[in-house]
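# Inside the fold
Next come the chains, spelled out residue by residue.
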Amino acid sequence: AQSVAQPEDQVNVAEGNPLTVKCTYSVSGNPYLFWYVQYPNRGLQFLLKYITGDNLVKGSYGFEAEFNKSQTSFHLKKPSALVSDSALYFCAVRRTTSGTYKYIFGTGTRLKVLA
Amino acid sequence: EPEVTQTPSHQVTQMGQEVILRCVPISNHLYFYWYRQILGQKVEFLVSFYNNEISEKSEIFDDQFSVERPDGSNFTLKIRSTKLEDSAMYFCASSEAAGPGQPQHFGDGTRLSIL
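In this report, we go over the structure that sits alongside the text. Since we're looking at a predicted model, the values are computed, not measured.

With that out of the way, let us pick up the pairing of strand S6 (residues 53-57) of chain B. Residue and element names in this part refer to chain B. Pairing between strand S5 (residues 43-50) and S6: four bridges, direction antiparallel. Of the residues in S6, the one forming a bridge with Val47 is Lys57. Between the end of S5 and the start of S6, which pair antiparallel, lie two residues, with Asn51 showing a positive phi angle near 55°.

This part takes up the sheet that holds strand S7 (residues 65-68) of chain B. Residues and elements named next belong to chain B. Pairing is antiparallel across the open sheet formed by four strands, whose spatial order is S1-S3-S8-S7. Of all the strands in the sheet, just strand S1 (5-7) and S7 have a single pairing partner and so form its edges. Strand-to-strand twist across the sheet, computed as the mean angle between neighbouring axes with direction ignored, equals 20°.

Turning next to the interface of chain A and chain B. In this complex, chain A contributes 24 residues to the contact, which on the side of chain B involves 19 residues. In total, about 1900 Å² of surface goes out of reach between chain A and chain B, with carbon and sulfur atoms giving 55% of it. The largest contributions to the chain A side of the interface with chain B come from Tyr101, Lys102 and Phe105 of chain A, which together make up 29% of the buried area. With a closest N to O distance of 3.0 Å, Arg42 of chain A and Asp108 of chain B form a salt bridge. Our count for the contact surface shared by chain A and chain B stands at nine residue pairs in polar contact (both at pLDDT 80 or more).

On to unusual backbone geometry. Cis geometry marks the peptide bond from Thr7 of chain B to Pro8 of chain B, where omega comes out at -10°. Within the secondary structure, Pro8 of chain B is located in the loop between S1 and strand S2 (10-13). The phi torsion at Tyr61 of chain A lies on the positive side, around 60°, for a residue other than glycine. Checked against the element boundaries, Tyr61 of chain A lands in the loop between strand S7 (56-58) and strand S8 (64-68). Accessibility expressed as a relative area gives 49% for Tyr61 of chain A, which makes it partly exposed. Phi angles above zero are rare outside glycine, and Asn52 of chain B is one such case at about 65°.

Moving on: the packing of aromatic side chains. By the definition in use, this model includes 23 aromatic pairs over all chains. Ring centres 5.3 Å apart and planes at 70° place the aromatic pair Tyr36 of chain A and Tyr103 of chain A in the edge-to-face group. Of the two residues, Tyr36 of chain A sits in strand S5 (residues 32-38) while Tyr103 of chain A sits in the loop between strand S10 (87-94) and strand S11 (104-105), which places them 67 residues apart along the sequence. Overall, the relative accessible area of 0% leaves Tyr36 of chain A in the buried class. Ring plane angle 70° and centroid distance 6.2 Å describe the contact between Phe105 of chain A and Phe106 of chain B, whose orientation is recorded as edge-to-face. Taken together, the positions of Phe105 of chain A in strand S11 and Phe106 of chain B in strand S10 (residues 105-106) put the pair across two chains.

In this section: the nonpolar core. Residues and elements named next belong to chain A. With 27 residues, the main nonpolar core has Trp35, Leu47, Leu48, Phe74, Leu76 and Tyr89 as its most contacted residues. Elements supplying a minimum of two residues to this core: strand S2 (10-14), strand S3 (19-21), S5, strand S6 (44-50), S8, strand S9 (73-78), S10 and strand S12 (109-114). Per-element tally for this core: the top contributor is S10, with four residues. Apart from residues no more than four positions distant in its own chain, Tyr89 is found in contact with Gln6, Trp35, Tyr36, Val37, Leu47, Phe63, Leu76, Gly108, Thr109 and Leu111.

Procedures and definitions
Residues numbered from 1 in each chain as written. Chains lettered and ligands numbered in written order. Predicted model: local features only at pLDDT ≥ 70, side-chain atom pairs only at ≥ 80, totals over all residues. Heavy atoms only, no water. Pairing = 2+ DSSP bridges. Helix = DSSP H or I, 4+ residues; strand = E, 2+ residues; numbered from the N terminus. Axes fitted to C-alpha atoms, helices over the stretch in contact; angles between N-to-C directions. Contact = heavy atoms within 4.5 Å. Buried area = accessible area lost by both parts, 1.4 Å probe. Salt bridge = Lys/Arg side-chain N within 4 Å of Asp/Glu carboxyl O. Polar contact = N/O pair within 3.5 Å; in protein donor to acceptor, adjacent residues only side chain to side chain. Buried < 20%, exposed > 50% of the residue type's maximum accessible area, 1.4 Å probe, protein only. Phe/Tyr/Trp six-rings, centres within 6.5 Å; stacked < 30°, edge-to-face > 60°. Core = buried A, V, L, I, M, F, W, Y, C linked by side-chain atoms within 4.5 Å.

In structure tokens, the structure reads:
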């Protein structure tokens, strides 16, 4: 069965410092991986995705993520955190076999950027 | 930028009553989804819908749930006889195509409170 794990409920980082939000996955076959962000009382906003190709993918708002097949990880990163990055971040995976287009989400990581 | 819109933003209903949650997907999108998020928990898939048919549904989506696209713009989720445990945030999403690399675009959600 497909699953996604986000081992940290909360990550605190000082403004200007680099941030990492961790995600590991378990799928059969090739994974299609996504990161979404959720601000208070809002829906999920797409940040970036990994389909194939370069292991480092760049997305919105200066975020990037590194796909590591051997470690089955897809960590979200940003070189310099902003207070406005404070939000709930979800990692998700989709199967590559036909007929299943749903997301399987992780439990989410709350990012708090301190001024 | 086109958005998925959901109404109402908050719905309060007595247990046992029927409720209809409404969504207007992005106009050129063909694939539609409902997810729910119980407070403090992860986002869970409910159902996907394409070409006026359910493509896939989860075990949560039992006989009390139904979806419909009554016209060319709306996509609705109906819960026939609500239970306390149906209290959650319900998100509608849409995507232009079905490929697993296609990101889904989410609305801001409807908070359903069952009394």
